[in-house]
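Given next are the chains, with one letter for each unit.
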Amino acid sequence: MLIVQKYGGTSVGNTERIDAVAQRVIESKKAGHDLVVVVSAMSGETNKLLEYASYFSAMPNQREVDMLLSSGERVTSALLAIALESKGYPAVSMSGRKAGIVTDKIHTKARIEHIDTTQMKKELTAGKIVVVAGFQGITCEGDVTTLGRGGSDLSAVAVAGALKADLCEIYTDVDGVYTTDPRIEPKAKKLEKISYDEMLELASLGAKVLQSRSVEMAKKLNVNLVTRSSFNNNEGTLITKEDNIMEQPLVSGIALDKNQARVTLRGVSDKPGIAAEIFKKLASSGVNVDMIIQNVGHDGTTNLGFTVPQNELEMTKKAMNELKASSVMEYDSEIVKVSVVGVGMKSHSGVACKAFETMANEGINIEMISTSEIKISMVVHAKYGELAVRALHSAYQLDK
Ligand code: ADP
Ligand code: ASP
Ligand code: MG
């Protein structure tokens, strides 16, 4: 079998951990598999690098940020290759460039356009273990890019897809995908299987156990994806097609997204084309807008509220100031988004009602709401985020 294994930040957090990863990789190799190993930077490293940049600028040049951030994964990929060779197993590390990962030019959240697998295949044929630096790619002009936070998951899935690997294993610091973040709710239960669509929702709504774009790609390329722990041999969670799951629960999980900020524009003139103008400006500034609320207007003006990722708030402020979008602009980072996810919701009523009741019983004010066929999201004050998760987890009996 050809297996792509990805090890996250805590799994390669120091030299001892890298040594343990090398042992695990060698076991798979001994079992007769061909291996491509994708690694993250040591945990905390990417944040540390970002902090260095922020010393100089609140909005550093994004191309330079990518040069900086990609260094973290180069370190761990080289160290793992050195560790493997020291144990008698030929290995070769590759940067995004050498691995042929070609992306668009959107720095710090680039999209993979294609992967030229020539070098990886050549080394695999020579019997080597290929170690790829995750999270990075290269533009057609040779500039280094990164794939968005948590992007090593995407590197692994994309490489697995391009090489038509039999399996893609994501090794992390929890045993798999749980009904909610086990660090917030210790009663959370590990899921044996979850559908691509539910995992995609959970991941997009803040469950960082998998990066959302990696799930999207796994679904598209039909990659067999498993998440499991690098700290034990427990079975993980299989992310698979909905058809492969016999019984779909009403609600599969609760997610918490702390990386949210709210923007409120007061006194926006209430006429056709204004919303288009505002959101076009945000899109061209590279801001990802999520929830949007517009109030019923009166006196020819209206209020417009929307959420953006916290780390895009500076860009948002700049864009709104340039546009002079309204006379009063308010920004609030003290919010979080709590979401209930489940494909079973499609065919049941009353799921949203229970979420609202649960918030009411806890005395938590819901500040914004959005729903889709398989999720309910609520914006609440940041101080209530974890309480809301635990209350919802219990209300939908996910601990049972
Ligand atoms: P890695 O560095 O291995 O990529 P991450 O920190 O990105 O790991 O993701 C793993 C973390 O995701 C876990 O430690 C856990 O706290 C968090 N997490 C959030 N939601 C969930 C969930 N539903 N199931 C499992 N883990 C979750
Ligand atoms: N090191 C990057 C990050 O912290 C990518 C990853 O870990 O997947 O976001
Ligand atoms: Mg991660």
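Scroll up a little and you will see the structure.
So, here's what we can say about the structure. Predicted, not measured: the structure shown is a model, and the values here were computed from it.

Quick notes on the rules
- Residues numbered from 1 in each chain as written.
- Chains lettered and ligands numbered in written order.
- Predicted model: local features only at pLDDT ≥ 70, side-chain atom pairs only at ≥ 80, totals over all residues.
- Heavy atoms only, no water.
- Helix = DSSP H or I, 4+ residues; strand = E, 2+ residues; numbered from the N terminus.
- Rg over C-alpha atoms; globule rule 2.2 N^0.38 Å.
- Buried < 20%, exposed > 50% of the residue type's maximum accessible area, 1.4 Å probe, protein only.
- Contact = heavy atoms within 4.5 Å.
- Axes fitted to C-alpha atoms, helices over the stretch in contact; angles between N-to-C directions.
- Parallel < 35°, antiparallel > 145°, perpendicular 65-115°, else oblique.
- Left-handed = near helix turned anticlockwise from the far one by under 90°.
- Arc of directions from axis to C-beta.
- Pairing = 2+ DSSP bridges.
- Near = heavy atom within 4 Å.
- Polar contact = N/O pair within 3.5 Å; in protein donor to acceptor, adjacent residues only side chain to side chain.
- Areas by Shrake-Rupley, 256 points an atom, 1.4 Å probe, with all protein chains shown as cover.
- Salt bridge = Lys/Arg side-chain N within 4 Å of Asp/Glu carboxyl O.

On to the overall build of the chain, then. Assigned secondary structure in the chain consists of eleven helices and 18 strands. Radius of gyration (C-alpha) of the chain: 22 Å, near the 21 Å computed for a compact globule of 400 residues. Principal-axis analysis of the C-alpha atoms places the extent of the chain at approximately 75 × 50 × 35 Å. A total of 400 residues make up the chain; the buried ones form 50% of that total. Restricting the contact set of the chain to residue pairs at least 6 apart, pairs at least 24 apart contribute 75%.

The next subject is the packing of helix H8 (residues 274–284) against helix H9 (residues 313–323). A pair of packed helices is characterised by two quantities: the angle between their axes and the separation of those axes. It is at 9 Å that the axes of H8 and H9 come closest, and there the two elements cross at 135°. Put simply, H8 runs oblique to H9. Where H8 crosses over H9, the handedness of that crossing is right-handed. For the pair H8 and H9, the contacting residues are Glu277, Ile278, Lys281 and Leu282 in the first and Thr316, Ala319, Met320, Glu322 and Leu323 in the second.

Turning our eyes to something else, we now look at helix H2 (residues 45–56). Those residues of H2 that sit buried are Thr46, Leu49 and Ala53. End-on, the buried residues of H2 take up no more than an arc of 65°, which puts them together on one face. Exposed and oriented more than 90 degrees from the buried face of H2 are Glu51 and Tyr55. Buried residues belonging to H2 abut helix H3 (62–86).

The next thing to look at is the sheet that holds strand E13 (residues 253–269). Read across the open sheet, the six strands follow the order E14-E15-E13-E16-E18-E17; overall the sheet is antiparallel. The open sheet terminates on both sides in strands that have one partner only, identified here as strand E14 (292–294) and strand E17 (368–372). Strand-to-strand, the axes of this sheet are offset by a mean angle of 25°, without reference to chain direction. By the bridge criterion, three bridges tie E14 to strand E15 (residues 301–309) in an arrangement that is antiparallel. Across the sheet, the residue bridging to Ile292 is Phe306, located in E15. Against the sheet, helix H11 (residues 385–395) contacts E13, strand E16 (328–341) and strand E18 (375–381), and its axis sits at roughly 125° relative to E13.

Once that is clear, we can look at the site of ligand 1. Around ligand 1 sit 17 residues in total, of which Thr172, Asp173, Tyr178, Asp181 and Arg183 are the nearest. Here an oxygen atom of ligand 1 and a backbone polar atom of Gly9 are 3.0 Å apart. The separation between an oxygen atom of ligand 1 and a polar side-chain atom of Thr172 is 2.7 Å. For ligand 1, whose free accessible area comes to 580 Å², the fraction covered by protein is 89%.

Moving on to the environment of Ile374. Relative to the assigned elements, Ile374 resides in the loop between E17 and E18. Each C-alpha atom, one on Ile374 and one on Ser86, is 49 Å from the other, the two residues being 288 residues apart in sequence. Contacts of Ile374, omitting those with residues within four sequence positions, involve Asp197, Glu201, Val340, Val341, Gly342, Val343, Met345 and Lys346.

A few words now on the pattern of salt bridges. All told, the structure shown has 19 salt bridges when counted by the stated rule. Residues Lys48 and Glu45 are paired through a salt bridge, measuring 3.5 Å at the closest nitrogen-oxygen approach. Here Lys48 pairs with Glu45, and both are found in helix H2, just three residues apart, close to one helical turn. With its nearest N and O atoms 3.9 Å apart, the salt bridge here joins Lys317 to Glu314. Of this pair, Lys317 and Glu314 both sit in helix H9, three residues apart, which is roughly one turn of the helix. Among the residues examined, Lys317 registers a relative accessible area of 26% and is labelled partly exposed.

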